[in-house]
Amino acid sequence: MLKVDHLYKSYQTGRAKYEVLKDVSFEVKEGEFVAVMGPSGSGKTTLLNCISCFIPYDKGTISLKDVNLSKLDEKQIAKVRNEKLGFVFQDFMLLDGLTILENVCVPKVIRKEPYKQMEAKAKKLLKMFGISEIEGKYPAEISGGQKQRTAVARALMNDPLLILADEPTGNLDSRSSEAVIGAFLEAQEKLNATTFMVTHDSFSASYCDRVIVMKDGKIFTELVRKGGRREFLDELLTVLKDLNGGE
Ligand SMILES: Nc1ncnc2c1ncn2[C@@H]1O[C@H](COP(=O)(O)OP(=O)(O)OP(=O)(O)O)[C@@H](O)[C@H]1O
Ligand SMILES: [Mg+2]
C-alpha cells in the first residue's frame, strides 16, 4: 500500500544543511493501523509531510499502491491528495462557517459530486462515529472530541487509500482521545481503512497494529502488536524509556 524507500530529507537554513530524515524505509499494508512515535525533533512530522507531498525530499522514493509519488506533477499530486489521501490535523482545521455535516462534505464538494449523494455518505459516517445529533451545529458549538471525530469522518469522505494523521489526540483529554482512536479502529474494521498516525501518546499507540519508533531521523525500532493492548502498552513504555535513557 504505502512504501517508503531510502528516504532522505534535509532542511537548508542559511548556509547550514540540516539532515532530518536519514535513510528511512518501511511499508504499511492495506488495512493496517500504524503509529509513529519518537522524541520531539526526530522527524515525524517531516516524514508525514513528505508522504503527503507537502514538502520535497532529497533522495529516495515514496509510493502509494505502486504509484511513485515523486514522479507526479503538481496537478497529479493535487489529485492524489484529494482522492487517495485523507488528512487529520492536530488543530482539526474545520471551517467555522459550515455546519458539521457540511464540513464532512468538503472533500466531495471539491470533486463536484451531486449534493444528495454526498449528504447521504456524510450522514452515514456521522452515524458511524456517533455524532449524528450534532450535524446541524457549527464547530464553535461542539466539544474537542466531537471536532476530532468530525475531522476523521471528513478524512474518510472520499474513501482514501490512506489516512494520515499528525497528533490527532494531541489536544484532547483521555476520554476524547479514546473516542478518536475508536473512530480510526471503526474505520479499520468497517471500511478496511489504512491509517498512519504520528503520536506522542503511548496509550493511543497501544491500539495500533504496529509502532514505528524514530530517533534522530532514523527508524530506531519497529514493534508489532502480537497480544493484548495492555501488554503492548508495557512493551512500548519500556522501549520509549530505553530510547530516552540512551540519549
Ligand atoms: N521548515 C523547516 N526548516 C528548517 N528546519 C525544520 C523545518 N521543519 C522542521 N525542521 C527541523 O527538523 C527537525 C524535525 O522536525 P519535525 O517537525 O519533523 O519533528 P517531530 O518529530 O515532528 O517533532 P515534534 O514531536 O516536536 O512534533 C527539527 O529539528 C526541526 O527543527
Ligand atoms: Mg511533529
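Just above sits the structure.
## Remarks on the overall build of the protein
When its secondary structure is counted, the protein shows eight helices and 10 strands. Radius of gyration (C-alpha) of the protein: 18 Å, near the 18 Å computed for a compact globule of 247 residues. Across the 247 residues in the protein, those meeting the buried criterion constitute 39%. Long-range pairs, those at least 24 residues apart, make up 71% of the contacts in the protein between residues at least 6 apart in sequence.

## Quick look at the nonpolar core
Membership of the largest hydrophobic core comes to 66 residues, with the highest contact counts inside it found for Val104, Val152 and Leu164. Examining the composition of this core, we find that six residues originate from one element, helix 6 (residues 174-191), more than from any other. In this structure, Val152 is in contact with Val88, Phe129, Val180, Ala183, Phe184 and Ala187, ignoring residues within four places of it in sequence.

## Digging into the sheet that holds strand 9 (residues 210-215)
Strand order in the open sheet made by the six strands is 6-7-8-3-9-10, with mixed pairing throughout. Each of the sheet's edge strands pairs with one partner strand only, and the pair in question is strand 6 (85-88) and strand 10 (218-224). Strand-to-strand twist of the sheet, defined as the mean angle between neighbouring strand axes without regard to direction, takes the value 20 degrees. Bridging between strand 7 (residues 162-166) and strand 8 (residues 195-198) involves four bridges; their strand directions are parallel. Following the sheet pairing, Ile163 is matched in strand 8 by Thr195. In the packing of helix 8 (residues 229-245) onto the sheet, the strands contacted are strand 3 (33-37), strand 9 and strand 10, and the crossing angle to strand 10 comes to about 160 degrees.

## A look at the environment of Val80
Checked against the element boundaries, Val80 lands in helix 2 (residues 74-83). Here the alpha-carbon distance between Val80 and Pro160, two residues 80 residues apart in the chain, equals 9.3 Å. Once residues within four sequence positions are removed from consideration, Val80 is found in contact with Cys53, Leu64, Leu69, Leu72 and Leu85.

## Observations regarding the sheet that holds strand 2 (residues 16-28)
In space, the four strands of this open sheet follow the order 2-1-4-5, with antiparallel pairing throughout. What marks the edges here is a single partner per strand, and that holds for strand 2 and strand 5 (67-68). When strand 4 (residues 59-64) meets strand 5, the two strands line up antiparallel, connected through two bridges. By the bridge assignment, Ser63 is partnered in strand 5 with Asn68.

## Thoughts on the site of ligand 1
Taken together, Tyr11, Thr13, Tyr18, Val20, Gly38, Ser40, Gly41, Ser42, Gly43, Lys44, Thr45 and Thr46 are the residues near ligand 1. Secondary-structure elements contributing two or more residues to the shell around ligand 1 are strand 1 (2-13), strand 2 and helix 1 (44-51). The dominant element in the shell around ligand 1, judged by the number of residues it contributes, is helix 1, at three residues. Of the residues contributing to the shell around ligand 1, the split by class is three nonpolar, eight polar and one charged.

Here is what the cut-offs are and how they apply
Residues numbered from 1 in each chain as written. Chains lettered and ligands numbered in written order. Predicted model: local features only at pLDDT ≥ 70, side-chain atom pairs only at ≥ 80, totals over all residues. Helix = DSSP H or I, 4+ residues; strand = E, 2+ residues; numbered from the N terminus. Rg over C-alpha atoms; globule rule 2.2 N^0.38 Å. Buried ≥ 20, exposed ≤ 12 C-beta atoms within 10 Å, placed from the backbone. Contact = placed C-beta atoms within 7 Å. Core = buried A, V, L, I, M, F, W, Y, C linked by C-beta atoms within 7 Å. Pairing = 2+ DSSP bridges. Axes fitted to C-alpha atoms, helices over the stretch in contact; angles between N-to-C directions. Near = placed C-beta within 6 Å. Nonpolar A, V, L, I, M, F, W, Y, C, P; charged D, E, K, R; others polar.

That's the geometry; what it means functionally is another story.
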